[in-house]
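# Geometric and topological summary
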Amino acid sequence: MIPDLEEYKWIVPDFIWELDELVDFEKLLKALPDADDLAKLLPDFDKIGESLASLKGFLSPGYNLVSEVIGASELLLLLGSPGETAFRATDQGYDNDKQFKKVSDKEKIDQLQEELLRTQLKYQRMLERLEKENKELRKLVLQRDDKGIHQRKLKKSLIDMYSEVLDILSDYDASYNTQDHLPRVVVVGDQSAGKTSVLEMIAQARIFPRGSGEMMTRSPVKVTLSEGPHHVALFKDSSREFDLTKEEDLAALRNEIEIRMRNSVKEGCTVSTETISLSVKGPGLQRMVLVDLPGVISTVTSGMAPDTKETIFSISKAYMQNPNAIILCIQDGSVDAERSIVTDLVSQMDPQGKRTIFVLTKVDLAEKNVASPNRIQQIIEGKLFPMKALGYFAVVTGKGNSSESIESIKEYEEEFFQNSKLLKTSMLKAHQVTTKNLSLAVSDCFWKMVRESVEQQADAFKATRFNLETEWKNNYPRLRELDRNELFEKAKNEILDEVISLTQVTPKHWEEMLEKTLWERVSTHVIENIYLPAAQTANSGTFNTTVDIKLKQWTDKQLPNKAVEVAWETLQEEFSRFMTEKKGKEHDDIFDKLKQAVKEETIKRHKWNERAEDSLRVIQHNALEDRSISDKQQWDAAIHFMEETLQSRLKDTESVIEDMVGPNWKKRWLYWVGRTKEQNIRNETKNELEKLIKCSEDHPAYLANDEVTTVRKNLEARGVAVDPCLIKDTWHQIYRRYFLKSALNHCNLCRRGFYYYQRHFVDSELECNDIVLFWRIQRMLAITANTLRQQLTNTEVRRLEKNVKEVLEDFAEDNEKKVMLLTGKRVQLAEDLKKVREIQEKLEAFIEALHQEK
């Protein structure tokens, strides 16, 4: 009774043919019942032959009759291969029914049916026992392969290769309208119809979040099923394996799926189009790829986005419109057929039903509640719904208790169908019930569709690749095809080279920049708060005392902090200069945004060493305490430094006065401009104050109240009304100009004062204490610049380089950041080329492996 297996040999994995090396079959044969015992279980075929002429050849060997007696799916399990699609048995069973109806003797037909049912149940029990033993043997072989006994077999499985192709396609931006027509099983159904439960029964694990009447599937979930020694699950973007035999791992997996779903849903939405990819491996699992979609709803309830219904419809249509997608249409058997929404949607996508499998769930509830059992038969025969299907199945996925185990559900399902009137009265055929038969049929249909369409899809991607390569050659003939990650690596090396170039800056260049910038930052404080107040003193002793006190206060509170700020800003400027500097013809502006972002993030993260200020404070204090000018060259340098500073201040003061009083007579005549009323008042006030200074060259820096009154009255006598505040404000600038000019004259007199300085100005009317002050300031700036330069080159540049590397590493892990910073047609074209090549290569490898297995 065993058919010829030669044409099915390609279905069976290679290791099955090697079982005789690993398993003692003689021992197994001894454990099986002998032929005599099996013969006792058979019915009396002589009586059956007398009653039915059509069963005359019952005892003759052949495949068709056995499949009619024990059901197509049970025989396939006994043989250990999927065999022909279970849907053929539907027609065979229907023909048998016609033959039985031709028999005139109804009583004998009833007896025969009961005899056949009893025989079928007996064989079913034997098959279940053999199947269980076969499953254990397969698990043992897989475990041995997993440990490395058969190293030549440790290849990536076909289904895993196919799943990788689908994952790449899901990320591929189809800018060139390359349609993804690769097969996958699309699971659709009304909300709470039990589609997730069906998928869990096929996967043999309670892996999905559950809720009573609540929408739980919020995004498509792609589940890749494959056979393996251990029952585990893992996400495509994670290395963690969830052990599906442990309840705590199952709970963690359900929680992780729910978190991923909620994270994929954008704000203001209820469902997402983003696909979650999950792989499930385990002994006895059928190899296929299923996509669980959000349940179809008829009404948008409170808490949902207004467009939820339309979004779910569009997601479902997008998956079902693939001409090679197998549609697993799930219908709740416990509700009225007229309330179904999904059947209309499926009939629109597949009017001929050539790729649709209809599944009726909750048949146990339907049998109890439905008044006419014939209604269930009409559903299974495809006569009730306005849709056609390749096959029809009835399943039971539990009693409604979410804590039930898969094993208990399977037992309940088998027990229900064994005792069901639907099966006993032939309303349902044996091959049309249980999720086990459904799983075999879906897997068989899936692989048939894959073999028929995969080469055509490979050719489509080959054409797309040619188009993309042609576009690249025409637009970028002299550039290599670098995708986003390769461009990032290239930019990363350039940035690190530019950071290293900071160490090549000469010490002289560092110190010049630091000294210049620091003086620009502190010169105002030195002139306004130290030099000018000290210059108002009566003698050199008071001048030096005032200077020492103010320098000490400045060093303790402000100077070190200012110096560190200047050093950090100088480092930023040099770093920015190297990062943004054009490199001539080799410069690639595609990296500009990335370099700018790296520069800004690095500067944000970098902090100067906190201990630098303390050490700098001591150095600066010691430098300012020193008053010993050792030679004439240093003396002349101090005079030059003081002259430059005073001339710069004098120029600024002249500019301020000109703005106050307006243009002089020359500019008024040449440029035909005049003064405003306020400028005229300021000019009259200036002239009056200049007379006051000429009368008293040693006038202090501030006007007395009576002097302000005198100036105001003199101006009023000439018809100029002026406010006392305006007089004081004008006086500040006039006196400042007078003081700076006097200081410059004094500076010129001190050029010959080094000899008197060496004698401490004894027997000399010349006093050059201001020159000494500026020498002390100049020396402090030089020593501070030298110290900061050492901190920069020895410590801060290295820390900056470390921060740059950390930023680049963070950016490398952030794909969204890379997409945002590396953009443009060139990048997108290279990305598309990479994806298409990868898809094509994986498809070709998959096709080759498929042919080898065949």
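Definitions and cut-offs
- Residues numbered from 1 in each chain as written.
- Predicted model: local features only at pLDDT ≥ 70, side-chain atom pairs only at ≥ 80, totals over all residues.
- Heavy atoms only, no water.
- Helix = DSSP H or I, 4+ residues; strand = E, 2+ residues; numbered from the N terminus.
- Buried < 20%, exposed > 50% of the residue type's maximum accessible area, 1.4 Å probe, protein only.
- Contact = heavy atoms within 4.5 Å.
- Areas by Shrake-Rupley, 256 points an atom, 1.4 Å probe, with all protein chains shown as cover.
- Core = buried A, V, L, I, M, F, W, Y, C linked by side-chain atoms within 4.5 Å.
- Phe/Tyr/Trp six-rings, centres within 6.5 Å; stacked < 30°, edge-to-face > 60°.
- Lys NZ or Arg CZ within 6 Å of the ring centre and 35° of its normal.
- Expected span 1.5 Å × (residues − 1).
- Arc of directions from axis to C-beta.
- Patch = residues over 30% accessible without salt bridge, like charges linked within 9 Å, V, L, I, M, F, W, Y side chains within 5 Å.
- Salt bridge = Lys/Arg side-chain N within 4 Å of Asp/Glu carboxyl O.
- Lys, Arg positive; Asp, Glu negative; His and termini not counted.
- Charge placed at Lys NZ, Arg CZ, Asp CG, Glu CD.
- Disulfide = S-S within 2.5 Å.
- Pairing = 2+ DSSP bridges.
- Axes fitted to C-alpha atoms, helices over the stretch in contact; angles between N-to-C directions.
- pLDDT = per-residue confidence, 0-100.
- Parallel < 35°, antiparallel > 145°, perpendicular 65-115°, else oblique.
- Left-handed = near helix turned anticlockwise from the far one by under 90°.

It is worth spelling out the overall build of the protein at this point. Counting its secondary structure elements, the protein contains 34 helices and nine strands. Buried positions account for 48% of the 854 residues belonging to the protein. Here the analysis covers contacts within the protein between residues at least 6 apart in sequence; of these, 80% occur between residues at least 24 apart. Of the roughly 45000 Å² that the protein leaves accessible, carbon and sulfur atoms contribute 48%.

With that settled, the discussion passes to the side chain of Asn324. Mapping Asn324 onto the fold places it in the loop between helix 13 (308-320) and strand 7 (326-332). Those residues in contact with Asn324, other than ones at most four positions away along the chain, are His181, Pro183, Arg184, Met449, Ser453 and Gln457.

Right, let's get into the nonpolar core. Core analysis: the biggest nonpolar cluster contains 102 residues, and Tyr531, Trp554, Leu571, Val598, Trp635, Ile771 and Ile777 have the highest contact counts within it. Looking at this core, the element that brings in the most residues is helix 32 (residues 769-813), giving 17 residues. When near neighbours in sequence (up to four residues on either side) are disregarded, Tyr531 contacts Val526, Met642, Leu646, Phe739, Ala743, Asp770, Leu773 and Phe774. The next biggest cluster of nonpolar side chains, apart from the first, holds 61 residues, and it includes Leu285, Met288, Trp447 and Leu843.

The next subject is the packing of aromatic side chains. For the structure shown, the criterion picks out 15 aromatic pairs. Both rings, one in Trp447 and one in Phe846, keep their centres 6.4 Å apart while their planes meet at 25°; by these two values the pair is stacked. On the criterion of sequence distance, the pair formed by Trp447 in helix 19 (residues 435-475) and Phe846 in helix 34 (residues 825-853) is long-range, its members being 399 residues apart. Consider the rings of Tyr531 and Phe774, whose centres lie 5.4 Å apart with planes at 75°: the pair is edge-to-face. With a gap of 243 residues between them, Tyr531 in helix 21 (residues 507-535) and Phe774 in helix 32 connect regions that are remote in the sequence. Classification of Tyr531 by relative accessible area gives buried; the value is 2%. Linked through ring pairs, Trp519, Tyr531, Phe641, Phe739 and Phe774 together constitute an aromatic cluster. Between Arg287 and the ring centre of Trp447, over which it is positioned, the NZ or CZ distance is 4.9 Å.

Quick look at unusual backbone geometry now. Look at Ser192: it is not a glycine, yet its phi comes out positive at around 65°. Positionally, Ser192 belongs in the loop between strand 1 (185-189) and helix 11 (195-203).

Turning to helix 12 (residues 247-264), a few remarks are in order. Compared with the 26 Å implied by 1.5 Å per residue over 18 residues, the 26 Å span of helix 12 between its first and last C-alpha is a close match. Those residues of helix 12 lying buried are Asp249, Leu250, Leu253, Arg254, Ile257, Met261 and Ser264. Around the axis of helix 12, the buried residues are gathered within 140° of arc, so they sit on the same side. The outward face of helix 12, more than 90 degrees from its buried face, is lined by the exposed residues Glu248 and Asn263. Residues of helix 12 that are buried make contact with strand 2 (221-227), strand 3 (232-235), strand 4 (242-243) and strand 5 (276-282).

Okay, a negative patch on the surface next. A contiguous patch of negative charge, built from Glu806, Glu809, Glu813, Asp814 and Glu816, is present on the exposed surface. Element by element, the count of residues in the negative patch is highest for helix 32, at three residues. Within the secondary structure, Glu809 sits in helix 32.

What follows is about the state of the cysteines. Tallied over the entire structure, the rule returns one disulfide. No disulfide involves Cys747; its nearest neighbouring cysteine sulfur is the one of Cys750, lying 6.8 Å away. Owing to a relative accessible area of 0%, Cys747 belongs among the buried residues under this scheme.

For strand 2, a buried count of six out of seven residues is recorded, marking the element as mostly surrounded by other parts of the structure. Two strands pair when backbone bridges link them, and strand 2 and strand 6 (residues 288-292) are joined in this way by five bridges, in the antiparallel orientation. When the bridges of strand 6 are listed, Leu225 appears paired with Met288.

What follows deals with the sheet that holds strand 5. Pairing is mixed across the open sheet formed by nine strands, whose spatial order is 4-3-5-2-6-1-7-8-9. Two strands bound the open sheet, and with one partner strand each, they are strand 4 and strand 9 (391-394). Relative to strand 6, strand 1 runs parallel, the two being bridged by three bridges. Among the inter-strand pairings, Val185 is bridged to a residue of strand 6, identified as Leu290. Most of the contacts of helix 11 go to strand 6, to which it runs at about 155°, and overall it touches strand 1, strand 2, strand 5, strand 6, strand 7 and strand 8 (356-361).

This brings us to the confidence of the model for the protein. Low pLDDT marks regions whose predicted coordinates should not be analysed in detail. A residue-level look at the protein finds 80% of positions with pLDDT of 70 or above and a mean pLDDT of 80. Taken element by element, the predicted model of the protein shows its lowest mean pLDDT in helix 6 (residues 63-70) (36) and its highest in strand 1 (92). Across residues 52-104 the pLDDT falls below 50, and counting only partners more than four positions away or on other chains, this stretch makes 74 contacts in the model. Ignoring residues within four places in sequence, the model shows residues 147-154, a span with pLDDT below 50, making nine contacts including any to other chains.

Let us now look at the pattern of salt bridges. Within the structure shown, the criterion is met by 42 salt bridges. A salt bridge links Glu494 to Lys595; the shortest N-O distance between them is 3.1 Å. A residue pair is termed long-range when its members are at least 10 positions apart, and Glu494 in helix 20 (residues 484-500) and Lys595 in helix 24 (residues 592-605) qualify at 101 residues. The partner of Arg718 in a salt bridge is Glu688, and the shortest N-O contact between them spans 3.0 Å.

We now examine the side chain of Ser279. Among the secondary structure elements, Ser279 is positioned in strand 5. Once residues lying within four places of it in the same chain are set aside, the contact partners of Ser279 are Thr224, Val232, Ala233 and Leu234.

Once that is clear, we can look at the environment of Ala782. Within the secondary structure, Ala782 sits in helix 32. Measuring from C-alpha to C-alpha, the distance between Ala782 and Leu514 comes to 8.8 Å, with 268 residues separating the pair along the chain.

Judged from the two bridges that link them, strand 3 and strand 4 form a sheet pairing that is antiparallel. Bridging from a neighbouring strand, Val232 pairs with Asp243 of strand 4. Counted between consecutive antiparallel strands, the loop separating strand 3 from strand 4 contains six residues. Of the pairings in the sheet, the one linking strand 3 to strand 5 comprises four bridges and is antiparallel in character. The residue of strand 5 that forms the bridge with Ala233 is Val280.

Right, let's talk about the packing of helix 24 against helix 32 for a bit. At their nearest, the axes of helix 24 and helix 32 sit 9 Å apart, and the two run at 125° to each other. Taken together, the axes of helix 24 and helix 32 are oblique relative to one another. When the axes of helix 24 and helix 32 are compared, the crossing they make is right-handed. Where helix 24 approaches helix 32, its residues Leu594, Ala597, Val598, Glu601, Thr602 and Arg605 are matched on the opposing element by Leu800, Asn803, Val804, Glu806, Val807, Leu808, Asp810 and Phe811.

Okay, a nonpolar patch on the surface next. On the surface, Trp665, Trp669 and Trp672 cluster together into a nonpolar patch covering about 560 Å² of accessible area. You can see Trp672 is positioned in the loop between helix 27 (665-671) and helix 28 (677-695). A relative accessible area of 72% means that Trp672 is categorised as exposed.

Time to look at the environment of Val359. Along the polypeptide, Val359 turns up in strand 8. C-alpha of Val359 to C-alpha of Ile330: the two residues are 29 residues apart in sequence and 4.9 Å apart in space.

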